[in-house]
Structures are given as structure tokens and as C-alpha cells.
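So you can see what is in the structure, the chains are spelled out below.
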Amino acid sequence: QVQLQQSGAELAKPGSSVKISCKASGYTFTSYAMHWIKQTTGQALEWTGYIAPGSGGTKYNEKFKGKATLTVDKSSSTAYMQLSSLTPVDTAVYYCARVIRGTFAYWGQGTLVTVSS
Amino acid sequence: DIQMTQSPASLSASLGETVSIECLASEGISNDLAWYQQKSGKSPQLLIYAASRLQDGVPSRFSGSGSGTRYSLKISGMQPEDEADYFCQQSYKYPFTFGSGTKLEIK
């Protein structure tokens, strides 16, 4: 069965960067784009972007260009999202998700990123 | 970006009651609309896709309808396990966008 296993919670200082991971299993990793979604404590959900693991091609929400960088390691079926120049507004739970028919059918368990001095 | 206006923000219902949640898109989205349920501390789970198609394994008391810019999710007979947050999401155009959510509680 499809599983997306994310890395653990991160505590980061303002101005620093974090890199969170999402290890996929149960399907051919290179056949499906991996999407990333931000959820703030106010519960709002924002689509951040996606990466096509086969080609490495990416598409970002304009709002997250320069903030998020998506990469993959095909050898380990793992997708990564690096968040840079962190500020408190980046504090959120970040999910990886796989799409079917344009909808997020499979989700990781989420990674909490807390930005605090 | 397509704005998704979801209402109500919160709702309380008695067991067995039928409830409805609505989403209004800022432009037509051609039924490219999904509904998700999120229980406390968990990831969102897909309920409905293509506006009215039930995801495998989702109870039949959940249904979706709508067209153009207006869509709704109906729960026919509230159950205790339905207490959760619900979100709509459009996949008609990038960036994909979500409604602000509806908190559904048992009365």
C-alpha cells in the first residue's frame, strides 16, 4: 500500500534553514509527482509546490518561490523540501502528498516546523 | 489565484442529523473539486473527488454535489466519528487552493 513517511519535528532559529524529508513506498516513486502542503496552526492549508521525481521538474506556488526548494533522491525514493530564511510565519505543519486525478489521495503524517529564537 | 470561500466556519449537529457544508469558487472550476476530512492531530483524508465521486472506503452517508462555482458536501446522518474539520480544494488551476475549513462538532 502507498505510504509516505515524513521526518520528525524541527525547531529552527530565525534566519536558518531546515530540510524535511518524505520517504515513499508501495508504488513506483518516479511515476507520480510529490506535492507539499503547508498547514498553519489556524488550520489554513496552502499548496506549496510539486516535484516530478522522474525528471526533477518542479512547479511552485508563487508565494513560496525563494522560500521552498524541492528535490528528490530517486535511489531512496525520498522527496525533500528545504525551507530557507526562516521566520516565525513559517511555523507550520508541512505535509507531502501524492495526487490522483488532481486530488491529494495519499498524505504523509506531517512534519512540524517551529521557528523560534 | 482561485479563491475558495467555505461556509460555515463551524457547525454543531446532533447524532443522526443531516449537515451541509458549502464552497464557493471565485471562478468556474468545472467540477475539479475535492473534499477532505481532518481529525484532530491527523492528516487530511480524501472523501470526495470530482465534486461528487466517493473515494473508496468512505461511508455512503457522505455525498458531494454542485457545478460551476458552487459545491457542497452533505453528511446524511451525523455519526460520532464524523466530528472533524472539513476542507474543500480546487484542482482546476494552479496554484491548487483550499477552503478555510469547517469545524463540525456533535451537539
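The preceding data block contains the structure.
Examining unusual backbone geometry
Across residues other than glycine, the phi torsion is negative in most instances, and most of the peptide bonds are trans.
Moving on, step 1. In this chain, B:Ser7 is followed by B:Pro8 through a cis amide linkage whose omega measures -5°.
Moving on, step 2. Among the secondary structure elements, B:Pro8 is positioned in the loop between strand E1 (4–7) and strand E2 (10–13).
Moving on, step 3. Between B:Tyr94 and the following residue, B:Pro95, the backbone shows a cis peptide bond with an omega angle of 0°.
Moving on, step 4. Among the secondary structure elements, B:Pro95 is positioned in the loop between strand E9 (84–90) and strand E10 (97–98).
Moving on, step 5. Despite not being glycine, A:Ser85 shows a phi value in the positive range, around 45°.
Moving on, step 6. Looking at the element boundaries, A:Ser85 is found in the loop between strand E8 (78–83) and strand E9 (92–100).
Moving on, step 7. Looking at A:Ser85, the relative accessible area reads 48%, which means it is partly exposed.
Moving on, step 8. Phi is positive for B:Ala50, which is not a glycine, with a value near 50°.
Moving on, step 9. As for its position among the elements, B:Ala50 is in the loop between strand E5 (45–49) and strand E6 (53–54).
Moving on, step 10. Under the relative-accessibility criterion, B:Ala50 is labelled partly exposed at 31%.

Quick notes on the rules
Residues numbered from 1 in each chain as written. Chains lettered and ligands numbered in written order. Predicted model: local features only at pLDDT ≥ 70, side-chain atom pairs only at ≥ 80, totals over all residues. Heavy atoms only, no water. Helix = DSSP H or I, 4+ residues; strand = E, 2+ residues; numbered from the N terminus. Buried < 20%, exposed > 50% of the residue type's maximum accessible area, 1.4 Å probe, protein only.

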